[in-house]
Amino acid sequence: MPKELIQQLINKFIPDPEVIKRHKSLQFLGDKLHDPNLWHLNRRSIAMAFAVGLFCAWIPTPTQMAIAAAGAIRYRANLPLSVGLVWITNPITMPPLFYFAYKVGLWFMNQPASADDFEFSLSTMFSGLGDIWQPFLVGCLIMGIVSSTIGYFGIQYYWQYHITKKWKERKEKRLKVKG
């Protein structure tokens, strides 16, 4: 079930790995794109993809996808899934998620909210971070670590649960056939 669902999503939205491997602008990576874990769906590569993708989603920079791709190559995670998960923070979800990260950073640093009581929006983000940059970045780091850890172990647990369930169903089916 998890493997089939993820494979359907990847087949629907991601170009063929062979096309990506032959792309002119990616030739500088050489044989690194030929690592099977970057393209195959197994428990380790999917769990690592969730860890890499969810961590990179909290990096407040326009190069999140490139960082996720580099992380996927480095940690031998599923490349399309790592890059796709970065889109959790998209232009629509980014303001509330980054505001939450800012609040987490304030709480973690034990600081009161900014005295300016500014409006947290994309225009504020791009015009200058002023006094909020430290709690904001600390909050993003904390949220990246927490979400990537939950993603990694959540996938590991779900995959194991699914496999155990399938084995029990097979065992029950064999017992019914024998009985």
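Refer to the preceding data block for the structure.
About the thresholds
Throughout, residues of each chain are indexed from 1 in the direction in which the sequence is written. Local features in this predicted model are restricted to residues of pLDDT 70 or higher, and side-chain atom pairs are both shown and tallied only at a pLDDT of 80 or more, whereas totals for entire chains, interfaces and linings draw on every residue. Excluded from the side-chain calculations are hydrogens and water; all other atoms, namely the structure's heavy atoms, are used. We define a nonpolar core as any set of buried Ala, Val, Leu, Ile, Met, Phe, Trp, Tyr and Cys residues linked to one another through side-chain atoms lying within 4.5 Å. Think of it in three bands: residues with accessible area under 20% of the maximum for their type are buried, residues over 50% are exposed, and the middle band is partly exposed, with areas taken using a 1.4 Å probe on protein chains only. Only DSSP runs of H or I reaching four residues or more are called helices, and only runs of E reaching two or more are called strands; each is numbered from the N terminus. Contact between two residues is taken to exist if any of their heavy atoms lie within 4.5 Å; hydrogens are not considered. Simply put, an axis is a line fit to the C-alpha atoms, just over the touching stretch for a helix, and the angle between two N-to-C directions goes from 0 to 180 degrees. Put simply, angles under 35 degrees are roughly parallel, angles over 145 are roughly antiparallel, angles from 65 to 115 are roughly perpendicular, and the rest are oblique. In this scheme the handedness of a crossing depends on how the near helix is turned from the far one: anticlockwise by less than a right angle means left-handed, clockwise means right-handed.

**Student:** Describe the nonpolar core, listing the residues and the values that go with them.
**Tutor:** Generally speaking, nonpolar side chains in soluble globular proteins are found buried as a group. Ranked by size, the top nonpolar core spans 19 residues in total, and within it Leu 33, Leu 38, Ile 46, Phe 50, Leu 79 and Leu 81 carry the most contacts. Residue assignment for this core shows that the elements contributing at least two residues are helix H3 (43–57), helix H4 (64–75), helix H5 (79–85) and helix H8 (133–178). The element best represented in this core is H3, accounting for six residues. Aside from chain neighbours lying at most four places away, what touches Phe 50 is Phe 55, Leu 81, Leu 85, Gly 151, Tyr 152 and Ile 155.

**Student:** So what's going on with the side chain of Ser 45? Residues and values would help.
**Tutor:** Turning to its location among the elements, Ser 45 is positioned in helix H3. Every residue in contact with Ser 45, bar those within four places of it in the chain, is listed here: Asn 37, His 40, Arg 76, Ala 77 and Asn 78.

**Student:** Before we move on, could you go through the packing of H3 against H8 and cite the residues and values that matter?
**Tutor:** Contact pair H3 / H8: the axes reach a minimum separation of 7 Å and the direction vectors enclose 160°. Judged by the inter-axis angle, H3 sits roughly antiparallel to H8. For the element pair H3 and H8, the recorded crossing hand is right-handed. Across the interface between the two elements, Arg 43, Ile 46, Ala 47, Met 48, Phe 50, Ala 51, Leu 54 and Phe 55 of H3 pack against Leu 141, Gly 144, Ile 145, Ser 147, Ser 148, Gly 151, Tyr 152, Ile 155, Gln 156, Trp 159 and Gln 160 of H8.

Just geometry here; none of it tells us what the structure is for.
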